[in-house]
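Listed below are the residues making up each chain.
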Amino acid sequence: MKYSVIVVALGLFGAGCGWKSGRVHKMPEIPSPGGYEVTWAEPEVVVSDSLFTLIRSPRIDSFYVESLDPTSLSVPSLRFHIAEGACNVSVNLLDEFSRVEIPLLVRNLGPGFYKLTLHEGWYAENRTASTSCVLKADVCGYRRAVPVVLGR
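Below or above, wherever it landed, is the structure these notes cover.

**Section: the packing of aromatic side chains**
For the structure on display, the rule yields one aromatic pair. For the pair Phe 80 and Tyr 114, a centre-to-centre distance of 5.2 Å together with 15 degrees between the ring planes defines the contact as stacked. One end of the pair, Phe 80, is in strand E5 (residues 77-82); the other, Tyr 114, is in strand E8 (residues 112-118), with 34 residues separating them in the sequence. Judged by its relative accessible area of 6%, Phe 80 falls in the buried class.

**Some points on unusual backbone geometry**
What is expected of a backbone is that most residues other than glycine have negative phi and most peptide bonds are trans. Phi at Glu 42 takes a positive value of approximately 50 degrees, unusual for a residue other than glycine. Its relative accessible area of 65% is what places Glu 42 among the exposed residues. The phi dihedral of Ser 98 is positive, around 65 degrees, even though this residue is not glycine. With respect to the helices and strands, Ser 98 occurs in the loop between strand E6 (87-94) and strand E7 (100-109).

**As for the sheet that holds E8**
With antiparallel pairing, the four strands of this open sheet are ordered in space as E2-E3-E8-E5. Edge positions in the sheet fall to strand E2 (44-48) and E5, since each has one partner strand and no second. Going across the sheet, the axis of each strand differs from the next one's by a mean of 20 degrees, ignoring polarity. Pairing geometry for strand E3 (residues 52-57) and E8, over six bridges, is antiparallel. Paired with Phe 52 across the strands is Leu 118, a residue of E8.

**Here's the deal with the pairing of E8**
Because side chains alternate across E8, one face comprises the buried residues Gly 112, Tyr 114, Leu 116 and Leu 118, and the other comprises Phe 113, Lys 115 and Thr 117, none of which is buried. Here E5 pairs with E8 via six bridges, running antiparallel. When the sheet's bridge partners are listed, His 81 is paired in E8 with Phe 113.

**Examining the nonpolar core**
If you look at the biggest cluster of nonpolar residues, it comprises 22 residues, and the most contacted ones within it are Phe 52, Leu 54, Phe 80, Val 89, Val 91 and Leu 135. Setting aside residues up to four positions removed in sequence, Leu 54 forms contacts with Glu 44, Val 45, Val 46, Val 47, Phe 80, Leu 105, Leu 109, Tyr 114, Lys 115 and Leu 116.

**Looking at the side chain of Thr 53**
Following the sequence through the fold, Thr 53 ends up in strand E3. Separated by 2.6 Å, the side chains of Thr 53 and His 119 make a polar contact. Beyond its immediate stretch of four places on either side in the chain, Thr 53 contacts Val 45, Val 47, Ser 48, Lys 115, Leu 116, Thr 117 and His 119.

Definitions and limits used
Residues numbered from 1 in each chain as written. Predicted model: local features only at pLDDT ≥ 70, side-chain atom pairs only at ≥ 80, totals over all residues. Heavy atoms only, no water. Phe/Tyr/Trp six-rings, centres within 6.5 Å; stacked < 30°, edge-to-face > 60°. Helix = DSSP H or I, 4+ residues; strand = E, 2+ residues; numbered from the N terminus. Buried < 20%, exposed > 50% of the residue type's maximum accessible area, 1.4 Å probe, protein only. Pairing = 2+ DSSP bridges. Axes fitted to C-alpha atoms, helices over the stretch in contact; angles between N-to-C directions. Core = buried A, V, L, I, M, F, W, Y, C linked by side-chain atoms within 4.5 Å. Contact = heavy atoms within 4.5 Å. Polar contact = N/O pair within 3.5 Å; in protein donor to acceptor, adjacent residues only side chain to side chain.

Structural measurements only, silent on function.
Structure (structure tokens):
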């Protein structure tokens, strides 16, 4: 009796744990003109001045759109995430020699998803300089950087 209970239990365990064919289903392909766009749930402006705006959101999501807006990619922005607790964040615009050109932000920030975007007016005015810069952030001891090309 004990032996048959063990055999039945092992049979049910094996059937429930996926001893199956091992097929992998193909993911659907994304049509080429469309794509996924990020949306910020309940965003709040943390800091805004003449150079940039920093927004924070408790979560982000994405949704499929038929055609992506190319103007949303033209203004440089830097995204970062703070998972737990508060930590020090510094963001600088560096010149082509990795020297600090403009210090943008030094602040202790709490958890959330953040996006720092350079203001389009300032960015458009300085595009005549034809230089390469880097938007660099030190977030909780980690570095994030995004290239910025001023000028054409």
